[in-house]
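Descriptive structure summary
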Amino acid sequence: MKFSLVPKALALAAALTLASCGGGGKATFPINVTVSGVVYPNLVFTTNGQSYKVDPPAKNADGSIPEVKFVFPKEIEYGTVYNVIPNPNPAHQSCGNTPFPATGTAGQLAVIDIQYTCSINKFPLSGAVKGLTGTGLVIANGSTGGTFTVPPVLDTANKPTGADTTFLMPVTIPFASTYGLTILSQPSGQTCTLTGGANGSGAGTIDESVEAAGGISNFIVTCTNT
């Protein structure tokens, strides 16, 4: 009879242990998220019926942007699938997940630690070139926006036809940044002028209208013989 108390004591201890874990016996996991590069508002992360709004943090003294760390309010049980996604992304930005997947099953890893990096959306600058027959036409965007050399359209005998062609600048421009296309180098035997952009002469700022259009494509370079 004296040994019959041992199993009962063990059973009671097990019951108390399970109760302290929530009564169901399943382990639960917090969903930790780290986000870097948030500059604009309206970023919301969602998963498992939960949402968390991330406001842009105040910049550091050196102008850098600190990380934002948060934990979703409710932990999830072992075996539960999670998928942490930005819904929506912040205004004028896109957020990508790295290095661990944003989706998985609780218990796959010892800790659920999702990391996202947000970057400012960038937009292309492109346009048309008319009447080009000479070689050496170079279009530039300011001093840091890259250059593009436009060759003339050739016929089967490799002679310039003067037919319309197009250009696409090699460097995309971030939202809220300025641009200014100019003719850096004129083609041989010709003079080219550039129009377009917000101010009609190749310059402007990447704003909401550009964002909605997916870039600027109204630049026109017109070349005439000298």
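Values in this document were obtained by computation on a predicted structure and should not be read as measured data. (Residues numbered from 1 in each chain as written. Predicted model: local features only at pLDDT ≥ 70, side-chain atom pairs only at ≥ 80, totals over all residues. Heavy atoms only, no water.)

**Regarding the overall build of the protein**
Test applied: Helix and strand definitions here come from DSSP, where helices need a minimum of 4 consecutive H or I residues and strands a minimum of 2 consecutive E residues; each element is numbered from the N-terminal end. Each residue gets one of three labels from its accessible area relative to the maximum for its type: buried under 20%, exposed over 50%, partly exposed in between, using a 1.4 Å probe on protein chains only. By the convention used here, residues are in contact when the closest approach between their heavy atoms is within 4.5 Å. Here the accessible surface of atoms and residues is derived via Shrake-Rupley with a 1.4 Å probe, and residues count as covered only by protein chains that are part of the display.
For the protein, the count of helices and strands is two helices and 21 strands. Relative to its 226 residues, the protein shows a buried fraction of 32%. Long-range contacts, defined here as pairs at least 24 residues apart, represent 68% of the contacts in the protein between residues at least 6 apart. Of the roughly 12,600 Å² that the protein leaves accessible, carbon and sulfur atoms contribute 58%.

**Notes on the packing of aromatic side chains**
Note the cut-off: Any pair of Phe, Tyr and Trp rings, taking the six-membered ring for Trp, is counted once the centres come within 6.5 Å. Such a pair is stacked with planes under 30 degrees apart, edge-to-face with planes over 60 apart, and tilted for the rest.
Following the criterion strictly, the structure yields six aromatic pairs and no others. Each ring, one from Phe45 and one from Tyr116, has its centre 5.0 Å from the other, and the planes form 55°; the classification is tilted. Within this pair, whereas Phe45 is found in strand 3 (residues 43-47), its partner Tyr116 is found in strand 11 (residues 112-120), the two being separated by 71 residues in sequence. Neither Phe45 nor Tyr116 differs from the other in exposure class; each is buried.

**Re the state of the cysteines**
Joining two cysteines, a disulfide is a covalent bond between their sulfur atoms. Quick note on the threshold: Disulfides are defined as pairs of cysteine sulfur atoms found within 2.5 Å of each other.
Counted by the stated rule, this structure contains two disulfides. Sulfur-sulfur distance for the disulfide between Cys95 and Cys118 comes to 2.0 Å. Residues Cys95 and Cys118 are joined through a disulfide that is right-handed, its torsion about the S-S bond being 100°. With a gap of 23 residues between them, Cys95 in strand 9 (residues 93-97) and Cys118 in strand 11 connect regions that are remote in the sequence. Here Cys118 falls in the buried class, since its relative accessible area comes to 6%.

**Observations regarding the pairing of strand 18 (residues 178-185)**
Applicable threshold: Here, strands pair whenever DSSP counts at least two bridges between them.
Where strand 14 (residues 137-141) and strand 18 come together, four bridges link them in antiparallel fashion. Bridge pairing in strand 18 links Ala140 to Thr182. As paired strands, strand 18 and strand 20 (residues 203-205) are joined by three bridges and run antiparallel to one another. The residue bridging Gly180 from the neighbouring strand is Ala203, located in strand 20.

**A look at the environment of Gly196**
Along the chain, Gly196 turns up in the loop between strand 19 (190-195) and strand 20. Its relative accessible area of 8% is what places Gly196 among the buried residues. Separated by 21 residues in sequence, Gly196 and Ser217 place their C-alpha atoms 8.4 Å apart. Setting aside residues up to four positions removed in sequence, Gly196 forms contacts with Ser201, Gly202, Ala203, Asn218 and Phe219.

**Overview of the environment of Ile216**
Positionally, Ile216 belongs in strand 21 (residues 216-225). Sequence separation of Ile216 and Ile206 is ten residues, and the distance between their C-alpha atoms is 8.7 Å. Setting aside its immediate chain neighbours within four residues, Ile216 contacts Pro124, Leu125, Ser126, Tyr179, Ile206 and Val210.

**Considering the sheet that holds strand 4 (residues 50-54)**
Spatial strand order, 4-3-8: three strands in an open sheet with antiparallel pairing. Looking at the sheet topology across the chains shown, the edges are occupied by strand 4 and strand 8 (85-86). Pairing of strand 3 with strand 4 involves five bridges; the strand directions are antiparallel. Each bridged residue has a counterpart across the sheet, and for Phe45 the counterpart in strand 4 is Tyr52.

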